[in-house]
Amino acid sequence: MRMKKNNKTNHMWGGRFNDAPAALLEKLNASIHFDWKLYAQDIRASLAHCEMLAECGIIEKKDATNICQGLKEIADEIANGEFTFSTTLEDIHMNIEARLAEKIGDVAGRLHTARSRNDQVATDMRLYVRDAIDALLNQLKTVMLTLSQKALENADLLMPGFTHLQPAQPITFGHHLLAYVEMFERDRQRFTDCRKRVNVNPLGSAALAGTAFPIDRDMTTNKLGFRTPTRNSIDAVSDRDFVIETIFCCAMTAMHISRFAEEVILWSSQNYGFIRLSDSFSTGSSIMPQKRNPDSAELLRAKTGRIYGSLTTLLTVLKALPLAYFKDMQEDKEACFDALETLSLSLETLNAMIEPIHIHKETIENAANAPFITATDMADWLVRSLKIPFRQAHHITGALVAFAEKKNCQLAELSLHDMQSIHPAITEDIFSVLSVKQSVNSRNVFGGTSPIQVTEAAQFWLNRLNT
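Here the structure is a predicted model, which is why all the values come from computation and not from measurement. (Residues numbered from 1 in each chain as written. Predicted model: local features only at pLDDT ≥ 70, side-chain atom pairs only at ≥ 80, totals over all residues. Heavy atoms only, no water.)

A. Region of interest: the overall build of the chain. Summing up its helical and strand segments, the chain has 18 helices and eight strands in all. Here the C-alpha radius of gyration of the chain, 31 Å, is well above what a compact globule of 467 residues would show, namely 23 Å. Overall, the C-alpha framework of the chain stretches about 100 × 55 × 40 Å when taken along its three principal axes. Expressed as a percentage of its 467 residues, the buried residues of the chain come to 49%. Taking contacts inside the chain between residues at least 6 apart in sequence as the whole, the part at least 24 apart equals 75%. When the accessible surface of the chain is totalled, it reaches about 22600 Å², and 52% of it is carbon and sulfur. (Helix = DSSP H or I, 4+ residues; strand = E, 2+ residues; numbered from the N terminus. Rg over C-alpha atoms; globule rule 2.2 N^0.38 Å. Buried < 20%, exposed > 50% of the residue type's maximum accessible area, 1.4 Å probe, protein only. Contact = heavy atoms within 4.5 Å. Areas by Shrake-Rupley, 256 points an atom, 1.4 Å probe, with all protein chains shown as cover.)

Structure (structure tokens):
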């Protein structure tokens, strides 16, 4: 990005002042080094505003034609890297307006009729955040499709389900993956719902009180694809709830990514050996030649903290601001941009990391036979077959687990005589529920881990996401 500085009084607002801003204030005040990213949204909103002004007879149509043509040329200059930004002009709005004046003369000043930088930046930010949400929704969909396909392919792969990082009950690998699909679906719903509150039009609120010019806010709302104009001009220019809410949605999604990344780190370790990351998403050690480090997953886990930081930053900036606009609100942009860009990169990396993962099926299935992993099935059998209250069945099963521990064997390796020494009513039929495969197959209820349910659930998501 090309940048220039000068020491002249700012001609956009300098009529009130005799001296130029101090160099330190100019450095503190300037936002062009980050808010240039709003250029496309700023020009889009300016085009809509200009066309509305002409339609309402507030500026002449020939002036509007010149302004719109100049704005389109500036958009091309910025996109092609031919535009030189000035820190003296503070922000993207004034940089574009100054360049427009260079191109078409004083008529450029008519563009700012009936608006303020306060409603201008609020509009630009809503357009930018809306565009970013749409892109994130597509990325979430892609990740969900990848996970759903892998779940379908591994609908009958047995693995241990964990609580407290301890083997708890047997499940299927596909069922485990679909848990993350559900998380990301909630993230999609949050972003979709958040987008409704983002998608309102503050343009026409001016500095804080609205404008005396006879503008048509519905026209700019329609041109910019907003759902409705904002109802209160004071709130419209001072509201950054939509930014905070969007970053919160980013933080929730990042947390889900981090949870999956943590599992990838565990599963790819030698202690687990469930999966192998591709070389493309692993790194080595500068001193230990044998190492394969899951740095991609570790960095995804760490990026979550960065997004949390953006959320905390903006909550802190806004917490004590009375109405209406304050320069403090300029601090929303870097936090917002960084959170959105970090999440986008994380989702792209996550999907690319997942696709080539090699699954060590034999290792996973062996781990599914963890000691006493079908103990719950035994307790359930006692309830069903012997009509024993579950709490009593739980106690009996615990005693059988302790007995098996002493004999250093699995529950299914106990003899019927051993079991009857704990509870004499136990029959040979109990052995029918103690295999891992039988345990998983028996969970054939909606939302359960049986291969039938997992296949149907994975196919549901594939169909829904592809529709």
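B. How the structure looks around the nonpolar core. Ranked by size, the top nonpolar core spans 95 residues in total, and within it Leu147, Phe173, Phe184, Phe191, Leu343 and Leu350 carry the most contacts. Considering each element in turn, this core owes the most residues, 14 residues, to helix α10 (residues 241-267). Ignoring anything within four residues of it in the chain, the contact list for Phe191 reads Ile133, Leu136, Leu137, Leu140, Thr246, Cys249, Cys250, Thr253 and Leu343. If you look at the next biggest cluster of nonpolar residues, it comprises 20 residues, including Met378, Ala379, Trp381 and Leu382. (Core = buried A, V, L, I, M, F, W, Y, C linked by side-chain atoms within 4.5 Å.)

C. Spatial organisation of the packing of helix α3 (residues 39-55) against helix α5 (residues 92-104). One can describe the packing of α3 onto α5 by two numbers: an axis separation of 10 Å at closest approach and a directional angle of 60°. Judged by the inter-axis angle, α3 sits oblique to α5. With respect to the hand of their crossing, α3 and α5 are arranged in right-handed fashion. Across the interface between the two elements, Tyr39, Asp42 and Ile43 from α3 touch Ile92, His93 and Ile96 from α5. For the contact of α3 with α5, the class distribution of residues is four nonpolar, one polar and one charged. (Axes fitted to C-alpha atoms, helices over the stretch in contact; angles between N-to-C directions. Parallel < 35°, antiparallel > 145°, perpendicular 65-115°, else oblique. Left-handed = near helix turned anticlockwise from the far one by under 90°. Nonpolar A, V, L, I, M, F, W, Y, C, P; charged D, E, K, R; others polar.)

D. Structural view of the packing of aromatic side chains. According to the stated counting rule, one finds eight aromatic pairs in the structure shown. With centroids separated by 5.4 Å and ring planes inclined at 80°, the aromatic side chains of Tyr272 and Phe274 adopt a geometry described as edge-to-face. Three or more aromatic residues link up through ring pairs in this structure, and these residues are Phe162, Phe173, Trp267, Tyr272 and Phe274. The ring of Phe242 has Arg126 lying over it, and the distance from NZ or CZ to the ring centre is 4.0 Å. (Phe/Tyr/Trp six-rings, centres within 6.5 Å; stacked < 30°, edge-to-face > 60°. Lys NZ or Arg CZ within 6 Å of the ring centre and 35° of its normal.)

E. View of the environment of Asp377. Note on placement: Asp377 falls in helix α14 (residues 375-386). With residues near it in sequence (within four places) discarded, Asp377 still touches Val433, Ser439, Ser442 and Arg443. Among the polar contacts listed, one links the side chain of Asp377 to the side chain of Arg443, at a separation of 2.4 Å. (Polar contact = N/O pair within 3.5 Å; in protein donor to acceptor, adjacent residues only side chain to side chain.)

F. Spotlight on the state of the cysteines. For the coordinates displayed, the defined rule picks out zero disulfides. The structure places no disulfide on Cys250, whose sulfur is separated from the nearest cysteine sulfur, that of Cys249, by 7.1 Å. (Disulfide = S-S within 2.5 Å.)

Without other data, these values stay purely geometric and don't point to any function.
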